Structures are given as structure tokens and as C-alpha cells.
Amino acid sequence: MIEVTDLRRVYGGGFEAVRGISFSVRRGEIFALLGTNGAGKTSTVELLEGLARPAGGRVRVLGHDPVADRAVVRPRTGVMLQEGGFPSELTVAETTRLWTGCTSGARPEREALELVGLAGKADVRVKQLSGGERRRLDLALALLGEPEVLFLDEPTTGLDAEGRRDTWDLVRALRDAGTTVLLTTHYLEEAEDLADRLAILHEGRIAAAGTPDDVTAAQPSRISFELPAGYFVGDLPPLGELGVCGHEMAGRTVRLRTHELQRTATRLLVWAERAVVELRRLDVRSASLEEAFLGIARDTSRPAQEYVA
Amino acid sequence: MSTVTTTPAGRMAALARAELMLLGRSRTAVLSAVFLPLAMPLSLQSAVEQMDLKDIGLSVGLVLLPASIGFSLLFSVYATLVGVFTARREELVLKRLRTGELHDAEILAGAAFPAAAIGLVQSLVLAVGCTALLDVPAPKAPQLAVLGLVSGLALCACLAAVTAGFTRTVESAQVTSLPLILSSMTVSGVVVPLDLLPDRLATVCELQPLTGVITLVRGGWTGDLSAYETVVPVLTTLAWTAVGVFAVRRWFRWEPRR
């Protein structure tokens, strides 16, 4: 449904926001582009939506070029931008009517608003909606034409926990009904729970891609504990024998990384039992998307990374 | 599921309808777009009565009517649309509309429609009003007046989009729209007929964007334009519209600067 090959995007000032990425999204799949702010998520999605032409590479949506063949593509796609884009003085119903007039095969206005729980706000002006309500209105309009491909740029940013769950349920229901969904997010949880496959973008390139399990499986699990008084790291059993692939110390805290969590944990605990020491603040944690994400984000020269777990 | 496919006309109508509601909800827009141009003839009347019009064969009404239509084009259409295009861009409305089925030209035309319609209705009201109150005779070449008015509406909408391209905020739209408004009021013959100016100055003034429109409108009423005198304003108006279209395609911005 979506084919991206060696895609590049360069802004006027020469900044290369997207630096040669390739991926494909299959029919009826939820694909997430995950990344920190500035990773190139929105720049990529705008190329897929046909809002801009790529500086290099190729985009195919439903088999067509979204810019050149827009007349064929647009009636079959739905778009939700990162930030609204509705006149603040129109009411929800008036905004929906405007979009109904511009959307082929639009569902009834009331049905669209009911999908996102905004039917009760039909006569409220857009400027009086909360941030979350505006996101839901945006989603309703993206769904208006019952699109085959849905682009959602940070669909749950600004929503409260309940609103986010509702949106996830709705997106899953759409996927189950055959809609292909490409979404961007910087919420790890969202990518992990919702996406069938995902790509982690970092500085305009894909740093990792696959199912959430694939991406996670490549990451080590972690064990951390406080070194017992009087012990040194050298007093532990040889780390290689424990199956540890990396370690670090922070004060008295030892952090171990392993791809064989059960073996490492068992041997460590057996050692502690025999040595009659207590491993205080013991924390054993299997690999997670968060590890993958943080690991990738850490590989950067930029000091401040904004990310929300 | 309905299988209704949208058409360009249908999409533009939906947008125009929304824009009309928005225009009606902005008190400043209503004042400056609807009432200001209608009040113009009254405020100018005494000044025009001082002009030496006999020599060039014009009456007070024949100066005031094109002037009023010029004001309507400048304020109701041009200035209003600079604000509309800028406001919609800054609210990301234009960007959001571009994600849908509307083509770029449809977005601009649909958004421009209400203001252009107001300009058209105002011009008709002014024509009727001036005819009734200022002894303006019936137009001798109405087709020229219509041509002038229609091309004036298109040109003003187009120039508004150009101006919005380098206008950052709705507030600054009041400043960026001044050059065209002031130059039109002084040198395009909107207020002072070019025939009253020295020859060399008048030649330069003929190149101002709105001069052709005003010449055609006035000529429509007087009916005294020769073939050459008709072709020149038509060509300058067309040329300005072409320049405007080129500038919009090249420099119009669909989303705010980041």
C-alpha cells in the first residue's frame, strides 16, 4: 500500500531532514514511525501525504505517486496533521460540513463525529475545544471519506490517558476492517501496543525496523543491583560465564546487559545465595522497546533529547 | 456508503460557504469590507466637485462611480483577502486543506469567492446608487464596464495572494496591503482621473495595476474609448494578472514559517 525507496528531503536552508529511508507498509497493517522530535517523522509523512516533493528517492501510495497522481490518491487517503488546521470561528458541525463537501464518499457528518465521541460538541466553536477534542475532530475528518490509507501524525499528543485508549481502540478497529495506517509517535507505549511493525527514525535515517518484538529482541535485557558492602565487581563470578555482554557501574550500583536473561539471573542469584549476600535494589528487566529507543537516542551528539515514555 | 465523488465546483462551493460564515463573524471584516467602500462616494464628493472636469468631458458622477468601484475592489476584495489568506495560513487551515482533494487553485479561488462576491454586489449597488443620486447616465459600453469589473475582481484576488505571501501575521496585513492601496488611490486614476495629470506622469500611471480596470469601468460609462484606448488597459490588466499568477505559484506560502 505504501512503498518508500531511498527517500530524501532537503529544506530550503540545505538541512537534510530525511536521509535515504526505505520501508513498505502492507494492506491492513499499522506501521509506526517512532522517533524523538526532529528525527524526521513529520518530514517523511508529509512526503507520503503528497504535501511536498522528495529531494530524492521514490514514494508510492496505493501504487501511485502522491504528488503527480493526486487526483487518484487523495480520495483514498485520510490525513491527520500534527497540529490542527481548522478556522477557530467555525463550529465543529460547520467544519465537518466544509470537509464533507470536499471529500468523495464522505460518511454522514453525525456518524463521523460519533466515531470520535464529539457528537455532543457539534455546535461548539473550534476555538472553545480542548486540545484533545481538537485532535479528535481532526481524526474524525481524516476518517470522513472511509480512506484505505490513513496517515496520522502524532494522533494522541495532547490527549489524556482515556482519550489515548479510545483512539487506539478506534485505530485498531479500523485496521481490523482493512484500513492501512501509518502513524508517527514519540510515545513508546503507543508504538509497542498499537503497531504491527515500526521503524525507529533517528536523524533522518531508520535506525531499527521490524515488529516491536523483532526490534526489542535485538536489545539486551538488564539486571541491576547494589554491590554488597565489602565486595567489588571482581568478586562476582566471571561476567562472561554469566552470559553478560556488557556492564557498567554507577556508584555502588552494578548494571549488567545480557541476551540470556534467565541464565544470567539464575547464576547471579545462585552465587549470591552461596556467598550469603543480599543483592539490594535488585531489578531484573527483559528487553523493551524503550531500551532500543534510548540506545538509539543516546548515539547522538546532541545533548538534550526530548522523549516521553 | 455513499459513492458521491466531489467535483471542483462542489469543493470550492463548500469552502466558499465556510469562508462566508467566517467573514460574517469578523466584525472588522464586515465593517471594512461592506460599509467602508459604500461610504466612500459621500466622503469624496466635495473634493471631486472642486476638480476642473469640464475640459476632459467628465461629470462628478462619472469620476465618483469608478472611484467607488475602485475602493470596493481595494478594500472589500484586496485588503480583505490579504487578511483571509494570511489568517488561514497561520492557522494551518491551508495546509490542512491541501491534504484533501482540493487542488491549490481551488483552495485560493474558494477562499476568495465571498470577498469577490461582496465586491461585485457592492459595485452593482454603487452603480445603481450613483445613477440615481448623481445623475450618472446609463453606461454607453456596458460590456467594457463588465470586463473591467470582472478582470478587476480576479486581479485583486490574485494580488492579495501575492501580498499574503510576504505577510507574516494578520496584523501586519494592514501594513503590507498599503502600497497597492495608496498607489492606487494616488496614481491609478481611482480618485484623480489621469486626464487631469501632466502627460508624462499620466503615461507612468497607466502602468499601475488598477489603472486598466478603472479606465475600462469609466470607459464603459462614457463610451468614448477608441479601439487603441481599449486594448491598452485590457493588456496591462492581463499582464498584471499573469505576473500575479506567476508570483503566487512561485512565492505563495501554504504554511507558516517555522
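Residues numbered from 1 in each chain as written. Chains lettered and ligands numbered in written order. Predicted model: local features only at pLDDT ≥ 70, side-chain atom pairs only at ≥ 80, totals over all residues. Heavy atoms only, no water.

Per an unreviewed UniProt entry, chain B is named Transport permease protein, and its organism is Streptomyces luteolifulvus. In its Sequence similarities (unreviewed entry) section, the UniProt entry covering chain B states "Belongs to the ABC-2 integral membrane protein family." (UniProt positions renumbered as here; feature names shortened; annotations may be inferred.)

Time to look at the overall build of chain B. Scanning chain B from terminus to terminus reveals 11 helices and zero strands. For chain B, whose C-alpha radius of gyration is 19 Å, the value lies close to the compact-globule estimate of 18 Å for 258 residues. The proportion of buried residues among the 258 residues of chain B is 52%. In chain B, 84% of the contacts between residues at least 6 apart in sequence involve partners at least 24 apart. Split by element, the accessible area of chain B, about 12,100 Å² in all, is 68% carbon and sulfur. (Helix = DSSP H or I, 4+ residues; strand = E, 2+ residues; numbered from the N terminus. Rg over C-alpha atoms; globule rule 2.2 N^0.38 Å. Buried < 20%, exposed > 50% of the residue type's maximum accessible area, 1.4 Å probe, protein only. Contact = heavy atoms within 4.5 Å. Areas by Shrake-Rupley, 256 points an atom, 1.4 Å probe, with all protein chains shown as cover.)

When two helices pack together, their arrangement is given by the angle between the helix axes and by the axis-to-axis distance. All names here are of chain B. The contact between helix α1 (residues 8–25) and helix α5 (residues 104–133) brings their axes to 8 Å, and the two run at 50°. Relative to α5, α1 is oriented oblique. The handedness of the crossing between α1 and α5 comes out as right-handed. Contacts from Pro8, Arg11, Met12, Leu15, Ala16, Glu19, Leu20 and Leu23 in α1 reach Glu106, Ile107, Ala109, Gly110, Ala111, Phe113, Pro114 and Ile118 in α5. Of the residues that constitute the contact of α1 with α5, the class distribution is 12 nonpolar, one polar and three charged. (Axes fitted to C-alpha atoms, helices over the stretch in contact; angles between N-to-C directions. Parallel < 35°, antiparallel > 145°, perpendicular 65-115°, else oblique. Left-handed = near helix turned anticlockwise from the far one by under 90°. Nonpolar A, V, L, I, M, F, W, Y, C, P; charged D, E, K, R; others polar.)

With that out of the way, let us pick up a nonpolar patch on the surface. A cluster of nonpolar side chains, Leu269, Leu282 and Val284 of chain A, forms an exposed patch at the surface whose accessible area comes to about 220 Å². Secondary-structure assignment places valine 284 of chain A in strand β13 (residues 280–285). (Patch = residues over 30% accessible without salt bridge, like charges linked within 9 Å, V, L, I, M, F, W, Y side chains within 5 Å. Salt bridge = Lys/Arg side-chain N within 4 Å of Asp/Glu carboxyl O.)

What follows covers the pairing of strand β10 (residues 221–226) of chain A. Residue and element names in this part refer to chain A. Burial analysis of β10 places five of its six residues in the buried class, which makes it a mostly covered element. Where β10 lies against strand β12 (residues 253–258), six bridges are found, and the strand directions are antiparallel. Across the sheet, serine 224 pairs through a bridge with arginine 255, a residue of β12. (Pairing = 2+ DSSP bridges.)

Look at helix α3 (residues 92–101) of chain A against α1 of chain B: their axes get within 7 Å of each other, and the N-to-C directions meet at 155°. Compared by their axis directions, α3 of chain A and α1 of chain B come out roughly antiparallel. Between α3 of chain A and α1 of chain B, the contacting residues are Glu94, Arg97, Leu98 and Gly101 of chain A on the first element and Gly10, Arg11, Ala14, Leu15, Arg17, Ala18, Met21 and Arg25 of chain B on the second. Its residues assigned to classes, the contact of α3 of chain A with α1 of chain B comprises five nonpolar, two polar and five charged.

Residue and element names in this part refer to chain A. Read from one edge to the other, the open sheet built from three strands follows the order β2-β1-β4, with strand pairing classed as antiparallel. Strand pairing shows two members of the sheet lacking a second neighbour, β2 (16–25) and β4 (56–61), which therefore form its edges. Taken over all neighbouring pairs, the strand axes of this sheet differ in orientation by 20° on average, direction set aside. Here five bridges tie strand β1 (residues 2–10) to β4, and the two strands are oriented antiparallel to one another. Residue threonine 5 lies in a different strand from β4, and its bridge partner there is arginine 58. Packing against the sheet, helix α1 (residues 41–49) makes contact with β1, β2 and β4, and its axis sits at approximately 120° to β1.

On to the state of the cysteines, then. Scanning all chains against the criterion turns up zero disulfides over all chains. No disulfide involves cysteine 156 of chain B; its sulfur sits 9.8 Å from that of cysteine 158 of chain B, the nearest cysteine. (Disulfide = S-S within 2.5 Å.)

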